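Listed here are the chains, written in short residue letters.
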Amino acid sequence: MTLRTATAVIDCRALIDNFSVIKKQAPNSQVLAVLKANAYGHGLERIAKTLPQADAFGVARLDEALALRTAGIVKPIVLLEGVFNASELPVLAVNNLQTIVHNEEQLESITDPCLSLDKSLKVWLKIDTGMHRLGIAPQDFQRYFQALTQSNNVHNDIVLMSHFSCADDVQNNTTLNQIALFERTVQGLDHARSLANSAAVNSWPQSHYEWIRPGLMLYGVSPMSCVESNAESLGLKPVITLQSSWIAVRKIEPGCAVGYGGAWLSDKKTTIGVVAIGYGDGYPRHAVNGTPVLVNGRKVPLIGRVSMDMITVDLGEHSTEKVGDLVTLWGDGLAVEEVAEYATTIPYELLCNITRRVQVQVK
Ligand SMILES: Cc1ncc(COP(=O)(O)O)c(C=O)c1O
């Protein structure tokens, strides 16, 4: 008997193909591939090594950047939230890491005349054009820009950037307003610019500029909010397929309650399949009855509460499924976007939440 526990099958070919789709949409832009949060749950070093075509990598934490350097990655790496402490700046210089500057504290630290670095740092200056999360106010731009340009600690070729809040919605004018404000703020400067996340790569070509910053699309997931723009229609293929197997298949009678709290009650004779995956593996605890699970080419509904290590599925009275058969929770054949809807979350969260006990199989 060999039963499979929760396994994330990583399709490196799909990653490379998704990169090509992105490149076709923005042929004149350099690509900063966003690898934060363990490459959206896909494995930081693995994804970096599979993407030699990328021009740079973006991470959120210094630890992530250092892990990439330790793994032998020599490409430019940008800290997308900048430094959290001035003491990190010499570490950036030694490891050839680039940083965003988005607040006064970071500006003061990096332009401190007492700071002595092995080499000047490459900076991406982040302007808040409407998301109101990170970034300097447009009216402060000249002051920041001049202070950075005059500092010996900062390399001359500062990249000017911002981030979109609503690019996934093509009907929303916020994106056009953000682009217009960005252009007004940086006009007259001959510096590289960067605005586009995945949704903007896909839908707002006027924002591609010199650098695009896709994350989600790389992993084969649609960044768009409208259901018609699904991954398949965009030519994207899932990089992760999350699988497990039935560890029990059993017949039950009408009136049987299944799982914790007896939260689901059968109204007919049926077959219940128990899959070795649960919230301890990153399967969402809030997935509701009816969340699809893929087995032997058919979608069957999740029933009852998600447990730590198991979920239960209604296979129907005449099911022929056997213990050991493979089950797909999302990925090839079942979009993570669809599962996310049932769990009232977004695909980003499902991908990032896959836990360490899930086996990884690279194909
Ligand atoms: C600054 C920045 N750029 C780009 C991205 C990539 O976004 P997406 O995964 O939607 O392409 C992110 C992710 O949130 C980000 O924070």
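**Details of the overall build of the chain**
Phase 1 of the analysis: The secondary structure content of the chain amounts to 11 helices and 18 strands.
Phase 2 of the analysis: Based on the C-alpha atoms only, the size of the chain along its principal axes is roughly 75 × 45 × 35 Å.
Phase 3 of the analysis: If you take every contact in the chain between residues at least 6 apart in sequence, the share linking residues at least 24 apart comes to 65%.
Phase 4 of the analysis: Of the charged side chains in the chain, 31 are positive and 36 negative; the average position of the first set lies 6 Å away from that of the second.

**What about the site of the ligand?**
Phase 1 of the analysis: Within the structure, the ligand sits among V34, K36, Y40, K126, H163, N197, S198, R213, P214, G215, L216 and Y348.
Phase 2 of the analysis: The contact in question runs from an oxygen atom of the ligand to an N or O atom on the side chain of Y40, over 2.6 Å.
Phase 3 of the analysis: The contact in question runs from a nitrogen atom of the ligand to an N or O atom on the side chain of R213, over 2.9 Å.
Phase 4 of the analysis: Of the residues belonging to the shell around the ligand, the class tally is five nonpolar, four polar and three charged.

**Notes on the packing of aromatic side chains**
Phase 1 of the analysis: Inspection of the entire model under this criterion finds six aromatic pairs.
Phase 2 of the analysis: Between Y40 and Y348, the ring centres sit 6.0 Å apart and the planes meet at 40 degrees, which makes this aromatic pair tilted. Placement of Y40 in helix α2 (residues 36–41) and of Y348 in helix α11 (residues 347–352) is noted, with a sequence separation of 308 residues between them.
Phase 3 of the analysis: A relative accessible area of 8% places Y40 in the buried class.
Phase 4 of the analysis: Relative accessible area serves as the criterion here: at 34%, Y348 is assigned to the partly exposed category.
Phase 5 of the analysis: Ring centres of F182 and Y209 lie 5.8 Å apart, and the angle between their planes is 45 degrees; this geometry places the pair in the tilted category. With F182 in helix α8 (residues 174–186) and Y209 in the loop between α9 (198–203) and β9 (211–212), this pair connects stretches of sequence that are 27 residues apart. As far as burial versus exposure is concerned, F182 and Y209 are alike and both buried.

**A look at the side chain of S162**
Phase 1 of the analysis: Assignment of secondary structure puts S162 in the loop between β7 (159–161) and α8.
Phase 2 of the analysis: You can call S162 buried: its relative accessible area is 1%.
Phase 3 of the analysis: Reaching out from S162, the side chain makes a polar contact with the backbone oxygen of I127 at a distance of 2.6 Å.
Phase 4 of the analysis: With sequence-adjacent residues up to four places away left out, S162 is seen in contact with I127, D128, T129, Q178, F182, S194, L195 and R213.

**Examining the domain arrangement of the chain**
Phase 1 of the analysis: Here the chain is partitioned into domain 1 (12–219) and domain 2 (240–362).
Phase 2 of the analysis: Here the C-alpha centroids of domain 1 and domain 2 sit 38 Å apart.
Phase 3 of the analysis: The interface is formed by seven residues belonging to domain 1 together with six residues belonging to domain 2.
Phase 4 of the analysis: Of the roughly 700 Å² buried where domain 1 meets domain 2, counting both sides, 76% is carbon and sulfur surface.
Phase 5 of the analysis: At the surface where domain 1 touches domain 2, the tally comes to zero residue pairs in polar contact (both at pLDDT 80 or more).
Phase 6 of the analysis: Per element, the largest residue contribution to the side of domain 1 that touches domain 2 is three residues, and it comes from α2.
Phase 7 of the analysis: Classifying every residue of the side of domain 1 that touches domain 2 gives four nonpolar, two polar and one charged.

The rules behind the values
- Residues numbered from 1 in each chain as written.
- Predicted model: local features only at pLDDT ≥ 70, side-chain atom pairs only at ≥ 80, totals over all residues.
- Heavy atoms only, no water.
- Helix = DSSP H or I, 4+ residues; strand = E, 2+ residues; numbered from the N terminus.
- Contact = heavy atoms within 4.5 Å.
- Lys, Arg positive; Asp, Glu negative; His and termini not counted.
- Charge placed at Lys NZ, Arg CZ, Asp CG, Glu CD.
- Near = heavy atom within 4 Å.
- Polar contact = N/O pair within 3.5 Å; in protein donor to acceptor, adjacent residues only side chain to side chain.
- Nonpolar A, V, L, I, M, F, W, Y, C, P; charged D, E, K, R; others polar.
- Phe/Tyr/Trp six-rings, centres within 6.5 Å; stacked < 30°, edge-to-face > 60°.
- Buried < 20%, exposed > 50% of the residue type's maximum accessible area, 1.4 Å probe, protein only.
- Domains from an automatic or database assignment.
- Buried area = accessible area lost by both parts, 1.4 Å probe.

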